[in-house]
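# Structural overview
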2 protein chains.
Amino acid sequence: MDAISTFRFAALLAGAAAFAGPVLAQTGDVLRTQEVSVRVQKLADGLEHPWAVEVLPDGGYIVTERPGRLRIIRDGKVSDPIDGLPKVSARGQGGLMDVALAPDFAISRKLYLTAATASDRGSGTEAFSATLSPDEKSLENVAPIFTMQRFTRGNIQYGSRIAIAPDGSLFISVGDRGDRNRSQDWRDDAGSIVHLNADGSIPADNPFKNSSKALPEIWSKGHRNPQGITFDSADGKLYTVEHGAKGGDEINNPEPGKNYGWPVITYGRDYSGAKIGEGTAKEGLEQPLHYWDPSIAPGALVVYRGKMFPEWNGNFIVAALKFQLLSRMQRDASGGFTAEERMFEGDYGRIRDVIVAPDGALLMVTDENDGELLRVSRAESRAG
Amino acid sequence: MDAISTFRFAALLAGAAAFAGPVLAQTGDVLRTQEVSVRVQKLADGLEHPWAVEVLPDGGYIVTERPGRLRIIRDGKVSDPIDGLPKVSARGQGGLMDVALAPDFAISRKLYLTAATASDRGSGTEAFSATLSPDEKSLENVAPIFTMQRFTRGNIQYGSRIAIAPDGSLFISVGDRGDRNRSQDWRDDAGSIVHLNADGSIPADNPFKNSSKALPEIWSKGHRNPQGITFDSADGKLYTVEHGAKGGDEINNPEPGKNYGWPVITYGRDYSGAKIGEGTAKEGLEQPLHYWDPSIAPGALVVYRGKMFPEWNGNFIVAALKFQLLSRMQRDASGGFTAEERMFEGDYGRIRDVIVAPDGALLMVTDENDGELLRVSRAESRAG
């Protein structure tokens, strides 16, 4: 794993004018990566801890800010906050977190949000559906569709990413809330992936729908703080990435009813250096597809299937906070991870989200006080 | 089937300024269709019988003109013709026809073309691979990858659309060249769908790879003049649309080694009114999924899976020359066609090609002396 595989050019020195694209002004940095030169353009700045971005059907962007704001960005203009959001608990790692557009958003204007919310017992992870008003100024029909089973003190490890399955149902990641034993309690949503219909009801194929062993929304357990969750359009499988402790970040393919081991098994140690659990493997507990040690602090995951970067087809792209990088995980024909390229390390800040735009460009947001929305496109598409 | 389901507004009267999009100036017509209002914008005109359009990785367009020219369109500017094209036979219905970009075009710059070409025995359908030079001014490495088995006199019914399979192999449609009995000759490429590897070699799964019954490139026979061929990304199946005679245009799902009946069975009649063949059904010959009578003259087919028009998800969109329309074929859960909406009838001219752009908009070209490249996008995405 090469720690720094990118180096940065001033755009003018790199002769960027030769790479003119059709839509965006030719601003931004041209960077050389292992297989391709990319341009990184700032589409917006001044965002306060942006957590998630999605592309609207007309090409605009919708972005969450963790303090509890949702904004739309078009043509470099950032809208005022949208009204009517649910009240969030913006403390510690919590606040407004993910946004996901329903597959029929262009008709229904329906979207999903996750947030840390508060009760008199503390806070927890909650998910909402809502519709965006025609003038884009407010949310309407806001309704909770998932509220984690137990709210507790402390403001860390909420998980909170949403993946929409091909059938329109929702997979939502829930962190262990800093209380690791909850990840092994099957009557607790903490440290799990939950699976819900779009209206919050329980899907017929959930593993514990008719069982008292576990809460009916639970799909898989034994996760620590999963903040990346996505489907690969090529194999239709669900993949997650989760934060470990000191070491032990993991990529998993969560299957129904399975236990991914935290904190009984882990490839990490406590931040104190103390050993956690029983080791790295145990009968009945699943192994990760990949782990990082030291941790990179993965905030999001997408499997690249765009047209813009054929070199990256099938690669897992992971946004990382700690080392402020994108990790590009390459796989062999059997699906095993073979190599990692670390891109943009330290160049742009703590990358919280990464997605693939319809044109195959990457979009990412940096979780900073003055956070940015960035677009990563191919620099040499016309210069060969 | 309602003959005219669209009606046209002047853009200003429809208050088009309220629907501002991020990229394109707010020009064009706003038209009401059954389920959604659409905007039709002219991206380019002055094209001479454009036959096919594809979207480049950076958002530009590449367009064929039947007389034998290939051009790139960006920001409303039409490039000079690209040099180095193969010599085509631009007579009758023939000339330069389809263009398709290799899945890894962004790296390889490889594309495929089809054309009518000439020999001393007449003309026939041929396909080429080539690479686009870095400056986009010329084709390099032009190589024939398919030349139909028998060239003959006459300049009609070449077929000539390309579909690229998920594995990168090529399906190419070949017309009967106006000599209907060729469609039942398994040692003749006329009236067939052929299947080739990207380099023109024969795929291992071809039905007659090791058989003397048929030419090894043949996938299916009994087609008349198929000019639409596409994969549905949802079911991974191959679909074609073909021109019948007077009546008898068909949608088929060509399966390996099967015979789709022309001219033994057909739902059409000769242009003279005379009966063709033995009727509409016969043992051993496949039925179409759908037929049109009277004919619409279908020039292209795409199965809509974009995000911009969720109302159209899974619909078959067919470009039609004769009635100058787009046909939107709706299907039920079992895949049967349930209804047809005819859009833009007579509004823009003979529509030769239709594709879905990465953002879910439709792109189409009109096969006219002063042909146009048009974009169909959602008009009310922000006005509800």
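The model shown is predicted, which means the values in this text are computed figures rather than measured ones.

A few words now on the UniProt feature "domain: Glucose/Sorbosone dehydrogenase" (unreviewed entry) in chain A. The sites that carry the UniProt feature "domain: Glucose/Sorbosone dehydrogenase" (unreviewed entry) are, in the present numbering, residues 47–375 of chain A. Helix makes up 1% of residues 47–375 of chain A and strand 41%, with an end-to-end C-alpha separation of 15 Å.

On to the sheet that holds strand β9 (residues 110–119) of chain A, then. Residues and elements named next belong to chain A. Reading across from one edge, β8-β9-β10-β11 is the order of the four strands in this open sheet, with antiparallel pairing throughout. Two strands lie at the open edges of the sheet, namely β8 (96–101) and β11 (139–147), each paired on one side alone. Going from strand to strand, the sheet's axes swing by 30° on average, the running direction of each strand aside. The pairing of strand β10 (residues 122–132) with β11 spans six bridges and is antiparallel. Within β11, the residue paired with Phe-128 across the bridge is Pro-144.

What follows covers the pairing of strand β18 (residues 249–252) of chain B. Residue and element names in this part refer to chain B. The alternating pattern of β18 places Asp-249 and Ile-251 and Glu-250 and Asn-252 on opposite faces, both of which are buried. Of the strand pairs in this sheet, strand β17 (residues 238–243) and β18 are connected by three bridges, and their pairing is antiparallel. For Val-241, the partnering residue across the bridge sits in β18 and is Ile-251.

Moving on, we come to the sheet that holds strand β16 (residues 225–231) of chain A. All names here are of chain A. On the basis of which strands lie adjacent, the open sheet formed by four strands has the order β16-β17-β18-β20 and antiparallel pairing. Here the strands that pair on one side only, and so sit at the sheet edges, are β16 and β20 (290–292). Averaged over all pairs of adjacent strands, the angle between strand axes in this sheet comes to 15°, irrespective of strand direction.

Before going further, it helps to spend a moment on the side chain of His-290 of chain A. Within the secondary structure, His-290 of chain A sits in strand β20. Setting aside its immediate chain neighbours within four residues, His-290 of chain A contacts Asp-249, Glu-250, Ile-251, Met-329 and Phe-337 of chain A.

The rules we used
- Residues numbered from 1 in each chain as written.
- Chains lettered and ligands numbered in written order.
- Predicted model: local features only at pLDDT ≥ 70, side-chain atom pairs only at ≥ 80, totals over all residues.
- Heavy atoms only, no water.
- UniProt positions renumbered as here; feature names shortened; annotations may be inferred.
- Helix = DSSP H or I, 4+ residues; strand = E, 2+ residues; numbered from the N terminus.
- Pairing = 2+ DSSP bridges.
- Axes fitted to C-alpha atoms, helices over the stretch in contact; angles between N-to-C directions.
- Buried < 20%, exposed > 50% of the residue type's maximum accessible area, 1.4 Å probe, protein only.
- Contact = heavy atoms within 4.5 Å.

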